[in-house]
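# Structural characterization, general
Spelled out from the first residue to the last, the chains are:
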Amino acid sequence: MDMGKTKSPNKAIAKIGLFSSITILISAVVGIGIFFKNKSILNNNDGNGWGVLISWIIATVITLTTALAFAEIISADKKHDGSGLAGWAYKICGHKFGRFVLIVMPLFYFLFKLVDTSFFAGESVLLIFNKPTLNGDGSTTMSIEQGAWVIVLIAYVIMVTFIFVNAISTKAAKGISWVATVCKFTPLILIGFLGIIFGALDGFKNSFFKSTSIAVATTNSSNSSSISVLGIFASLPALLFTFDSFLTIGNAATNMEKPEKQVPKAILIGIPVVAGLYLFVTIGQLLTGQRDVYAFFEYIVRQAHGSETIVTSINIVVGCIIMLSLFGSVNAMTIGAVRSIQSGINNGDIMGSDVFKRLGKNKPLRAGCLYGLIIGTILCGIMAIPTIVLNSDSAYDGVSNLPTLFFFVIYAMVILFGLINHFNHKVEVKRMFIYPVLAVVSILGCMFAFGYNLFYEYFIRCFTDNVNVNWGMFKGQAIDRPIASAIVWVAFIIFVALPFINDFCISKIRKTNNSRLIWQ
């Protein structure tokens, strides 16, 4: 593949402006995690508010350095063919690693993220009809009483709907991102403001900062009077997951007005906004002593002496907000997925591209949407089997983090090649004098998140403290760690092998190849 000679067939597609680019990025990044994430982070830090806050700050710094590091790398892409991270990797890292990313980006990352996000969106629809249960620690548990087959069916309908919307109208897709961003921001900003106000009115009696110090402990303990370094490190991978997908916006470059300026601007504006929002929400929860969004709003209603009817109504509203928020995430994932696939089809990089190129001739994005629909349907069918048999969402929850986990290595490697390029000037970029510092922080952060999960959580702990893995969001169950580890490692092997399988199939089907295969 010659990235410099790529031709885009999407000249007539409605353009996406800077504001729309930012809303698409925010919709991709802000999913369901922030609504429930602090519950597990508080558990990791033994309820110490300072430990939670420091965990978020470190994760934010790593994310911001990664975003800034990619700003220099993105400046190497003058053509913006819509392949996003894959195209940047090809230019900065060279053919072999670049082609690896060009294949796993559409066929692994985006398709798995789209299928999983659609499933959680399906669950969010049913959340509206299920009442939360208050726990002894002040948190709430949301359980879905309906059978798992109902979730699978709703999820598939959602995925098909958003693929169809992207196939027929870019304008509609970006409109959905605007609405979703408003739906995400409104309740999250409210949590920050209401947390500060009602926490103060209550004298911060329930605050996770109350009666704690910033003295440092090296291990977790039941005593929350000091910060646990181990708790902070254990929290970082999960927190970094909440910032993933911000590079999705690079795949919409062909639909942008001025992509060479717009992509880095969207990232450098969007990520600080998301980071600030996450910190604001966290502070609101910590000051009121509430572990999740349902418990938070229930606390606010009771502090305002509201009735049970109001509590029930607020829970329904929160459920609707989470649903609309996840619809925005599905839309953003679809925008990235179909454009990443379309780029692979246009350039002949993925299996079956010749057939789909003919099917989508003179119809921008139709081929990418059809390809995504077919492969997405197959993945939904495969994932549906354990989900329905176990009547649990554990399989989806366990798999949902794997694309992000594996791509931490991709991010680190691309930034490492960018660091090398910063000094040898092999590829022309707009160099930042602070790039080496940004690169080192980002690489260390990304590799820590990858290594902690893959090697510690899903390898070492199998032989040390074989504690079950609690997979599942609203209909989960404990999974034996060896079984969970086997799933993770099999998925990693598939991830690594996929580009070679893809190119082997291409070499057997095509008589001549315009693109260099990964081993050439």
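To start, this report covers the structure provided alongside it. The shown structure was predicted, so the numbers you read here are calculated from the model rather than taken from an experiment.

Basis of the calculations
Residues numbered from 1 in each chain as written. Predicted model: local features only at pLDDT ≥ 70, side-chain atom pairs only at ≥ 80, totals over all residues. Heavy atoms only, no water. Helix = DSSP H or I, 4+ residues; strand = E, 2+ residues; numbered from the N terminus. Buried < 20%, exposed > 50% of the residue type's maximum accessible area, 1.4 Å probe, protein only. Contact = heavy atoms within 4.5 Å. Areas by Shrake-Rupley, 256 points an atom, 1.4 Å probe, with all protein chains shown as cover. Axes fitted to C-alpha atoms, helices over the stretch in contact; angles between N-to-C directions. Left-handed = near helix turned anticlockwise from the far one by under 90°. Nonpolar A, V, L, I, M, F, W, Y, C, P; charged D, E, K, R; others polar. Parallel < 35°, antiparallel > 145°, perpendicular 65-115°, else oblique. Salt bridge = Lys/Arg side-chain N within 4 Å of Asp/Glu carboxyl O. Bend = angle between axes of the 7 residues up to and from the residue. Phe/Tyr/Trp six-rings, centres within 6.5 Å; stacked < 30°, edge-to-face > 60°. Polar contact = N/O pair within 3.5 Å; in protein donor to acceptor, adjacent residues only side chain to side chain. Core = buried A, V, L, I, M, F, W, Y, C linked by side-chain atoms within 4.5 Å. Lys, Arg positive; Asp, Glu negative; His and termini not counted. Expected span 1.5 Å × (residues − 1). Patch = residues over 30% accessible without salt bridge, like charges linked within 9 Å, V, L, I, M, F, W, Y side chains within 5 Å.

## Observations regarding the overall build of the protein
Scanning the protein from terminus to terminus reveals 17 helices and six strands. Residues classed as buried in the protein amount to 59% of the 520 residues present. Excluding contacts between residues fewer than 6 apart, the proportion of contacts in the protein whose partners are at least 24 apart in sequence is 78%. Carbon and sulfur atoms provide 68% of the accessible area of the protein, an area that totals close to 20700 Å².

## So, the packing of helix 10 (residues 293–303) against helix 11 (residues 308–346)
For any two helices packed against each other, one specifies the crossing angle of their axes together with the interaxial distance. One can describe the packing of helix 10 onto helix 11 by two numbers: an axis separation of 10 Å at closest approach and a directional angle of 145°. Here the hand of the crossing between helix 10 and helix 11 comes out right-handed. Two secondary-structure elements touch here, helix 10 through V293, Y294, F297, E298, V301 and R302 and helix 11 through E308, I310, V311, I314, N315, V318, G319 and I322. The residue makeup of the contact of helix 10 with helix 11, split by class, is nine nonpolar, two polar and three charged.

## Quick look at the packing of helix 3 (residues 49–74) against helix 16 (residues 435–457)
Running from N to C, helix 3 and helix 16 point in directions that differ by 125°, and their axes come no closer than 8 Å. In terms of orientation, helix 3 lies oblique with respect to helix 16. Every pair of crossing elements has a handedness; the one defined by helix 3 and helix 16 is left-handed. Across the interface between the two elements, I62, T65, T66, L68, A69, E72 and I73 of helix 3 pack against Y435, L438, V441, S442, G445 and C446 of helix 16. Here the residues of the contact of helix 3 with helix 16 are counted per class, giving eight nonpolar, four polar and one charged.

## Things to note about the pattern of salt bridges
A side chain with one charge may pair with a side chain of the opposite charge, provided their charged atoms come close. Taken as a whole and judged by the stated rule, the model has five salt bridges. Note that R99 and D503 form a salt bridge whose closest N and O atoms lie 2.7 Å from each other. On the criterion of sequence distance, the pair formed by R99 in helix 5 (residues 95–127) and D503 in helix 17 (residues 481–509) is long-range, its members being 404 residues apart. Like R99, the residue D503 is buried in the burial classification. When the shortest N-O distance is used, the salt bridge between R461 and E457 registers 3.1 Å.

## Some remarks on helix 8 (residues 229–241)
Of all the bends found along helix 8, the most pronounced is centred on S235 and spans about 30°, while P237, a proline, follows it within four residues. Among the residues of helix 8, G231, I232, S235, L236, P237, A238, L239, L240 and F241 are the ones counted as buried. Where the residues of helix 8 are buried, they touch helix 2 (33–44), helix 3, strand 4 (227–228), helix 15 (402–424) and helix 16.

## Examining the packing of aromatic side chains
Any two aromatic rings considered together are summarised by their centre-to-centre distance and by the angle between their planes. Taken as a whole, this structure holds 37 aromatic pairs when the rule is applied. Between F119 and Y396, the ring centres sit 3.7 Å apart and the planes meet at 5°, which makes this aromatic pair stacked. Residue F119 is found in helix 5, and its partner Y396 is found in helix 14 (residues 394–400); the two are separated by 277 residues along the sequence. Here F119 and Y396 have matching classes, each one buried.

## Remarks on the environment of L25
Looking at the element boundaries, L25 is found in helix 1 (residues 18–29). C-alpha separation for the pair L25 and M333, spaced 308 residues apart in sequence, amounts to 9.7 Å.

## Observations regarding the side chain of N38
With respect to the helices, strands and loops of the structure, N38 is situated in helix 2. What makes N38 buried here is its relative accessible area of 2%. A distance of 2.7 Å separates a polar atom in the side chain of N38 from a polar atom in the side chain of W56. N38 has contacts with V52, W56, T282, Q285 and R291, leaving out every residue within four places of it along the chain.

## A word on the nonpolar core
Counting residues in each nonpolar core, the largest one holds 154 residues, and the members touching the most others are F70, L85, I322 and F406. A total of 21 residues in this core trace back to one element, the largest contributor, which is helix 5. Leaving out residues up to four positions away in the same chain, L85 has contacts with F70, V101, M105, L247, F407, I410, Y411 and V414.

## Observations regarding the side chain of K37
Assignment of secondary structure puts K37 in helix 2. Look at K37: it is buried, it has no salt bridge, and the nearest opposite charge is D397 at 8.0 Å. Every residue in contact with K37, bar those within four places of it in the chain, is listed here: W56, A238, L239 and T242.

## Comments concerning unusual backbone geometry
At D46, a residue that is not glycine, the phi angle is positive and equals roughly 55°. Among the secondary structure elements, D46 is positioned in the loop between helix 2 and helix 3. Looking at D46, the relative accessible area reads 26%, which means it is partly exposed. Within the chain, F204 stands out as a residue other than glycine whose phi angle is a positive 55°. Position of F204 relative to the elements: it lies in the loop between helix 7 (170–201) and strand 3 (216–217).

## Some details on helix 13 (residues 366–390)
The terminal C-alpha atoms of helix 13, which comprises 25 residues, lie 36 Å apart, in line with the 36 Å expected from a rise of 1.5 Å per residue. A maximum bend of about 30° is found in helix 13 at A384, where proline P386 lies one to four positions downstream. Along helix 13, the positions that sit buried rather than exposed are A367, G368, C369, Y371, G372, G376, L379, C380, M383, A384 and T387.

## Overview of a nonpolar patch on the surface
A contiguous nonpolar surface patch, about 510 Å² in accessible area, is contributed by V355, L359, L370, I374, I378 and I382. For the nonpolar patch, the secondary-structure elements that each account for two or more residues are helix 12 (353–359) and helix 13. In terms of residues, the nonpolar patch owes the most to one element, helix 13, which gives four residues. Here I378 lies in helix 13. Owing to a relative accessible area of 46%, I378 belongs among the partly exposed residues under this scheme.

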